[in-house]
Amino acid sequence: MKQRMIEAKKMTGFMFLLLFFAFFSVGAIAQQRTVTGTVTDQKGLPLPGVTVVVRGTTTGTVTDANGNFSLAVPANAEVLQVSFVGMRAQEVPLAGRTNIAVTLEEETIGIEEVVAIGYGTVRKSDLTGSVVSVGADEIAAYPSINAVQALQGRAAGLQIASNNGEPGAEQRIRIRGGTSISASSDPIFVVDGFVGGTLPPPEDIQSIEVLKDASATAIYGSRGANGVIMVTTKRGRAGATIVELNTSYSMQNEINRLDLLNADQFMDYIREARPNIEPAGGNTDWQDQIFRTGQIQNYQLSVSGGGENVNYYVSGTLYDQEGVIVNSAFNRFSVTSNIDINAKEWLKIGFNSFAQRSIRDGVRTQEGSGGLTPGVVSSTFKFEPDQPIYGPDGRFTIGRLHDPIDNPYAIATQLQDEQVNDRFQGNAFGEFQLTESLRFRTTFGATTNSGRRGRYSPSTLQEGRNAGGGDAQVDGSKSTLFLNENYLTFDQTFQDMHHFTAMLGYSFESSESENWGGRSQAFITDAISFWGLGSGAVYQAPNSSFVDGRLSSYYGRLNYTWQDRFLATFNARYDGSSAFSANNKWAFFPSGALGWNMGNEAFLQNAIWLSNWKWRLSYGLIGNQAIGAYQTLARFSPVFAVIGGNIVNAARPTAVANDNLTWETTAQLNLGADIALLNDRISLTLDVYRMVTSDLLFSVELPPYTGYTTQIQNLGEVENKGFEAMITSRNFTGDF
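Residue indices begin from 1 for each chain and proceed along its sequence in written order. It should be noted that, the model being predicted, local features are given only for residues of pLDDT at least 70 and side-chain atom pairs only at 80 or more, the latter also being counted only at that level, while totals for whole chains, interfaces and linings use all residues. For the side-chain quantities, the full set of heavy atoms in the structure was used; hydrogens and water were omitted.

1. Things to note about the overall build of the chain
Quick note on the threshold: The numbering of helices and of strands both runs from the N terminus, where a helix is a DSSP run of H or I of at least 4 residues and a strand a run of E of at least 2. Relative accessibility thresholds used throughout: buried, under 20% of the residue-type maximum; exposed, over 50%; partly exposed, between the two (1.4 Å probe, protein chains only). Pairs of residues are marked as contacts when any of their non-hydrogen atoms sit within 4.5 Å.
A count of helical and extended segments in the chain gives 9 helices and 36 strands. Projected onto its principal axes, the C-alpha positions of the chain cover 140 × 65 × 60 Å. For the chain, with 736 residues in total, the buried portion stands at 43%. The long-range share in the chain, meaning contacts at least 24 apart out of those at least 6 apart in sequence, stands at 66%.

2. As for the pattern of salt bridges
Selection rule: The term salt bridge refers to a pairing of a side-chain nitrogen on Lys or Arg with a carboxyl oxygen on Asp or Glu at a separation within 4 Å.
Counted under the stated rule, the structure contains 27 salt bridges. A salt bridge links glutamate 384 to arginine 400, with the shortest nitrogen-to-oxygen separation between them at 3.5 Å. Of this pair, glutamate 384 sits in the loop between helix H7 (376–382) and helix H8 (408–414) while arginine 400 sits in the loop between H7 and H8; the two residues are 16 residues apart in sequence, bridging distant segments of the chain. Between arginine 465 and aspartate 406 there is a salt bridge, with the nearest N and O atoms lying 3.9 Å from each other. One end of the pair, arginine 465, is in helix H9 (residues 462–466); the other, aspartate 406, is in the loop between H7 and H8, with 59 residues separating them in the sequence. According to the relative accessible area criterion, aspartate 406 is buried, its value standing at 0%. Among the charged side chains, a network of salt bridges with common partners joins Lys614, Arg616, Asp674 and Asp687.

3. Topic: helix H5 (residues 263–270)
Put simply, the rule is: Each direction from the helix axis to a C-beta atom contributes to the arc, which is the arc of those directions. Polar contact criterion, stated in full: a pair of N or O atoms within 3.5 Å, where within protein one must be able to donate a hydrogen and the other to accept it, and residues adjacent in sequence count only if both atoms are side-chain atoms.
Buried residues of H5: Ala263, Phe266, Met267 and Ile270, and no others. Projection of H5 onto a plane perpendicular to its axis shows the buried side chains occupying an angular sector of 100°, all on one side. Those residues of H5 that are exposed and angled more than 90 degrees off the buried face are Asp264, Asp268 and Tyr269. Near the N-terminus of H5, the side chain that reaches the backbone nitrogen of aspartate 264, with its oxygen 3.2 Å away, is that of asparagine 262.

4. Some remarks on the nonpolar core
Here is the rule: Definition of nonpolar core: a set of buried residues of the types Ala, Val, Leu, Ile, Met, Phe, Trp, Tyr and Cys, connected through side-chain atoms within 4.5 Å.
Within the largest apolar cluster, 20 residues are counted, with the highest numbers of intra-cluster contacts made by Leu158, Ile208 and Ile229. Contributions of two or more residues to this core are made by strand E10 (131–135), helix H3 (147–150), strand E11 (158–162), strand E12 (171–175), strand E13 (188–191), strand E15 (205–211) and strand E16 (228–233). Not counting residues up to four positions away in its chain, the partners in contact with isoleucine 208 are Val132, Ser133, Val134, Ile139, Ala147, Leu151, Ile229, Met230 and Val231.

5. Comments concerning the sheet that holds strand E14 (residues 194–195)
Note the cut-off: A strand pair is defined by DSSP finding two or more bridges across the two strands.
Across the sheet, 5 strands lie side by side as E10-E15-E16-E13-E14; this open sheet has mixed pairing. Strand pairing shows two members of the sheet lacking a second neighbour, E10 and E14, which therefore form its edges.

6. With respect to the sheet that holds strand E4 (residues 68–74)
Hydrogen bonds along the backbone pair up the strands of a sheet, which may run parallel or antiparallel. Which entries qualify depends on this criterion: Fitted lines through C-alpha atoms serve as axes, helices being fitted only where they are in contact, and the angles separating the N-to-C directions of these axes extend from 0 to 180 degrees.
Read from one edge of the open sheet, 3 strands run E4-E1-E7, paired in mixed fashion. At either margin of the open sheet sits one strand with a lone partner, and together these are E4 and strand E7 (99–103). Looking at each pair of strands side by side, their axes are set apart by 30° on average, direction ignored. In terms of strand pairing, strand E1 (residues 32–40) meets E7 through 5 bridges, oriented parallel. In the strand pairing of E7, glycine 37 is matched with isoleucine 100.

7. Description of the pairing of strand E21 (residues 347–361)
On a regular strand, each side chain points to the face opposite its neighbour's, so the side chains alternate between the two faces of the sheet. Looking at chain direction, strand E20 (residues 329–344) and E21 are connected through 15 bridges and run antiparallel. Across the sheet, residue asparagine 331 finds its bridge partner in E21, namely isoleucine 359. Counting the residues that bridge the hairpin from E20 to E21 gives 2 residues. Strand direction decides the pairing type here: E21 and strand E22 (residues 416–433), joined by 15 bridges, are antiparallel. Across the sheet, residue arginine 360 finds its bridge partner in E22, namely glutamine 419.

8. Quick look at the packing of aromatic side chains
Filter applied, for reference: Aromatic pairing here means that ring centres of Phe, Tyr or Trp (its six-membered ring) are within 6.5 Å. Orientation follows from the plane angle: under 30 degrees is stacked, over 60 is edge-to-face, and everything else is tilted. Throughout this description, the term charge over a ring refers to an Arg CZ or Lys NZ atom that lies within 6 Å of the ring centre and within 35 degrees of the ring normal.
On inspection of all chains with the given rule, the structure shows 20 aromatic pairs. Seen in terms of ring centroids, phenylalanine 530 and tryptophan 531 are 5.0 Å apart; in terms of plane orientation they differ by 45°. Their pairing is tilted. Take tryptophan 531: its relative accessible area is 60%, and that puts it in the exposed class. Three or more aromatic residues link up through ring pairs in this structure, and these residues are Tyr119, Tyr220, Tyr487 and Tyr555. Residue placement shows arginine 441 over the ring face of phenylalanine 429; its charged tip is 4.1 Å from the ring centre.

9. A look at empty space enclosed by the protein
Inclusion rule: The pocket and cavity definitions rest on a 1 Å grid over protein atoms only: a 1.4 Å probe that fits but cannot leave marks a cavity, an open set with protein on both sides within 12 Å along at least five of seven lines marks a pocket, and residues lining either have an atom within 4 Å of a point. Grid points are joined across faces, edges and corners, and a volume is the space filled by probe spheres set on the points. Under the grouping applied here, Gly and all other residues not named as nonpolar or charged are polar, the nonpolar ones being Ala, Val, Leu, Ile, Met, Phe, Trp, Tyr, Cys and Pro and the charged ones Asp, Glu, Lys and Arg.
Following the criterion strictly, the structure yields 3 cavities of 30 Å³ or more and no others. If you go around the largest cavity, you meet 14 residues; those closest to its centre are Ile117, Leu127, Thr128, Ser215 and Thr569. Breaking the lining of the largest cavity down by element, the ones donating at least two residues are helix H4 (214–217), strand E26 (538–562) and strand E27 (566–577). A class-by-class count of the residues in the lining of the largest cavity yields 5 nonpolar, 7 polar and 2 charged.

10. Focus: the side chain of asparagine 338
Secondary-structure assignment places asparagine 338 in strand E20. The class for asparagine 338 is buried, based on a relative accessible area of 4%. A polar contact is formed between the side chain of asparagine 338 and the side chain of threonine 233, at a distance of 2.9 Å. Of note is the side chain of asparagine 338, whose polar atom sits 2.7 Å from the backbone oxygen of lysine 234. Apart from residues no more than four positions distant in its own chain, asparagine 338 is found in contact with Asp192, Thr233, Lys234, Arg235, Asn311, Tyr312, Tyr313, Phe351, Asn352 and Ser353.

11. Let's talk about unusual backbone geometry
In this model, glutamine 495 sits at a positive phi of 55°, which is unusual for a non-glycine residue. Inspection of the secondary structure puts glutamine 495 in the loop between strand E24 (471–494) and strand E25 (498–521). The exposure class of glutamine 495 is exposed, given its relative accessible area of 65%. Residue aspartate 680 is not a glycine yet carries a positive backbone phi of 70°. Here aspartate 680 is to be found in the loop between strand E32 (664–677) and strand E33 (682–694). Assessed through its relative accessible area of 18%, aspartate 680 is described here as buried.

12. Looking at the side chain of threonine 662
With respect to the helices, strands and loops of the structure, threonine 662 is situated in the loop between strand E31 (646–655) and E32. If sequence neighbours within four positions are ignored, threonine 662 has contacts with Phe580, Asn584, Asp695, Leu697 and Asn714.

13. Brief notes about the pairing of strand E9 (residues 120–123)
As judged from the 4 bridges shared by strand E8 (residues 114–117) and E9, these two strands associate in the antiparallel manner. Each residue of the ladder has a partner; that of valine 115, found in E9, is valine 122. Here E8 hands over to E9 after 2 residues, with tyrosine 119 in that stretch at a positive phi of 60°.

14. Side note on the environment of tyrosine 313
Relative to the assigned elements, tyrosine 313 resides in strand E19 (residues 310–322). For tyrosine 313, a relative accessible area of 3% translates into the label buried. Considering only alpha carbons, one finds tyrosine 313 and isoleucine 339, 26 residues apart in sequence, at a separation of 6.5 Å. Among residues more than four places away in sequence, those in contact with tyrosine 313 are Glu203, Asp204, Lys234, Arg235, Gly236, Gln300, Ser302, Val303, Ser304, Thr336, Ser337 and Asn338. Looking at tyrosine 313, its side chain comes within polar contact range of the side chain of aspartate 204, at 2.9 Å.

Function cannot be inferred from these measures alone, as they are strictly geometric.
Put into structure tokens, the structure is as follows:
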């Protein structure tokens, strides 16, 4: 009996505890509530992978593939923070609601925009250099052969012009004009941190930053004198897989076609000088024969997505162009891929790769009127219109009034000029978060480019006939570049008013270039084109060359911001290049800049029309080492000599050494202002600058008695100065 009473008491106690914990749990649950919702973009499309967090806590979640989320929040929760890469973050008051709908807007160019600079990023409001940022929508706004062409008209001070109208032709790029006479004036490209990288197609680019003044470019030292163009490619985002297809088709025609004489008009004119000439029996408009409507087709397919720890982006692009001159064409196929991995809380790794093949079928368009097989356009203007394409013997007609040149149609259709280029570029990185304020990043990149160009002048043309039955030439090249970057970044804010960012790094670059070629003439048939050099009866001397170079660098930057009002930036780079002699192998390139966010001052706080007003002042030294390898050394060239009646190989001195040759140095002063009005709907950027390039690398003629013709020396100066103004307006925002 007593035992039963003890068991009953135990059971009663157990039930009491059970009811107590149940009541406590109900009370705890009552202190939480579940909030659900949907996140969409401005077009109403769901956004997967959006982060939703209770403000001031670590409680959060991400949206699913349909943009929906469900989150248990504390009873006292007041605000949800909603953020997504590429979108403007929002804080959403709950106000007792349990279901909310959030629409995120894309980030626009404004003072809070983050722009890429050398070896890091910075808020646009904290920027002290002259930098123009171009977004993905602007880059892919219209069909273009490459990203360089897409930049035309997008940045003040940036001039882009095609070298010629040939399909696939390169563009000439100048930032604030040319700075050199003999050395290169081309800017350097930095693709996802790879200095000297190859640009991907425009559809694969997220943003492009054009760095113009010394404060922005001095971090690249000896390669910054001509400006820097930084490219950030698209990357995957967490959420559902996104498949995107972009296509375009466009047509081209020549402009300003000349009004040339027809056959009758030509005969009336020429008979004044040659009364006895007879018509050749034709009436040919040679412009009609060589010109056609050009076509451009572009197809790009991308797949992107990711999860909590791995994001990916893969894209393939096909570009096909038929030129406005018959037999001219260019096509390109490329693959771009990016992968980002959050391996640990303190470690991020990633790999970027780019592969491309391009094929160009060229015609002779840029040559002058010299020779018996001149440029096709120049021959169009001088060839007799009374001649047909083919003569009575079935062969192509040739000029009969002056030099016996080939007719334009024969030049355009018979000459063969094919170029094939294969390029691969890879860049791997690892980023270590050492402390909350200190991180270390290392990158290893490599690029290789192989090319082949084959040319053939058949026996159907004067050039081929005069070579004894065809003239064939094949040239090949291969270049490789290896790059390693290592840098530490410290980022810390003290007392909520002093913000410091410091960066120190080291870089090493190695490059090699190989070239070779062969030529042969007098073939028994045109059928094998340039693929049978060994079957030619007349061999020309082959050629080959090898060039290598090294560049070693130490660099650093210090940024300071006080209360988002006063800004200071200091850059420095110490470069050593194998292109220069031991006396001047190393050079130092510093820069400094100051900024004042006047729009944040108290006396402008009530100016509701003003969004931002910032002044910028910078000065620095930047260099140019873009000369050929071994230019400072004494050089010899091969030559044939006759000794005892026998031909023997020999060498002769062709260049004298210059141990004092040094870098071109550009000193640049820049004063600028960034102004934004009416809630960033109107933006105005003004810059005035002066650049003086000294110690120009120039080829100077030497007295004949020295036995040499020229020597590269440092001589003279070049001054560039100007004023830039750029106005951007967002005419329509929100619903129309």
